[in-house]
Amino acid sequence: MTIRKQFLFALLALFAFNASIAHAEPGIFGKKGKSAADTTVIPSHALTAEQTALLEKAVANEKALAKIVADRSPLIETYIQKMRPDNQLQQVPDSD
């Protein structure tokens, strides 16, 4: 076999091995088919009052910006128009 065929065979074998591990017994590698209720939350430290205030301020600013953008309409609207050749005018609109 050539080096290329050996490499492809090894790669295929590696994928097959990984697939077999993914479908292994539930007791070996955890539960199969976890639902949203089965997810565990990793414990972390609680936020300080300043951190909480900063997050709330950032969320409030983002909501205000989203409202400002939603209330405005564009000054110029553009669209793409397909053109076709014309003998008298050079090009004329064909479709949008």
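Here goes a summary of the coordinates provided. Bear in mind the structure is a predicted one, so any value in this text is a computation, not a measurement. (Residues numbered from 1 in each chain as written. Predicted model: local features only at pLDDT ≥ 70, side-chain atom pairs only at ≥ 80, totals over all residues. Heavy atoms only, no water.)

**What to know about the overall build of the chain**
So, point 1. Looking only at helices and strands, one finds three helices and two strands in the chain.
So, point 2. Ordered by position from the N terminus, the helices and strands of the chain form the series α-α-α-β-β.
So, point 3. Expressed as a percentage of the 96 residues in the chain, the buried residues total 2%.
So, point 4. Roughly 9,700 Å² of accessible area belongs to the chain as shown, and the carbon and sulfur atoms make up 62% of that amount. (Helix = DSSP H or I, 4+ residues; strand = E, 2+ residues; numbered from the N terminus. Buried < 20%, exposed > 50% of the residue type's maximum accessible area, 1.4 Å probe, protein only. Areas by Shrake-Rupley, 256 points an atom, 1.4 Å probe, with all protein chains shown as cover.)

**A short note on the pairing of strand β2 (residues 90-95)**
So, point 1. The pairing of strand β1 (residues 82-86) with β2 spans five bridges and is antiparallel. Across the sheet, residue Arg-84 finds its bridge partner in β2, namely Val-92.
So, point 2. Counted between consecutive antiparallel strands, the loop separating β1 from β2 contains three residues. (Pairing = 2+ DSSP bridges.)

**Digging into the pattern of salt bridges**
So, point 1. As enumerated under the stated definition, the model contains two salt bridges in all.
So, point 2. As a salt-bridge pair, Lys-67 and Asp-71 come within 3.0 Å of each other at their nearest N and O atoms. With a gap of four residues between them, Lys-67 and Asp-71 both fall in helix α3 (residues 49-71), about one helical turn apart.
So, point 3. Overall, the relative accessible area of 54% leaves Lys-67 in the exposed class. (Salt bridge = Lys/Arg side-chain N within 4 Å of Asp/Glu carboxyl O.)

**What about a nonpolar patch on the surface?**
So, point 1. Residues Phe-7, Leu-8, Leu-11 and Leu-14 make up a contiguous nonpolar surface patch of roughly 370 Å² in combined accessible area.
So, point 2. By the secondary structure assignment, Leu-8 is in helix α1 (residues 3-22). (Patch = residues over 30% accessible without salt bridge, like charges linked within 9 Å, V, L, I, M, F, W, Y side chains within 5 Å.)

**Considering α3**
So, point 1. For α3, with 23 residues, the first-to-last C-alpha span of 33 Å sits near the 33 Å given by 1.5 Å per residue.
So, point 2. Taking burial as the measure, the 23 residues of α3 include zero buried ones, a minor fraction of the element. (Expected span 1.5 Å × (residues − 1).)

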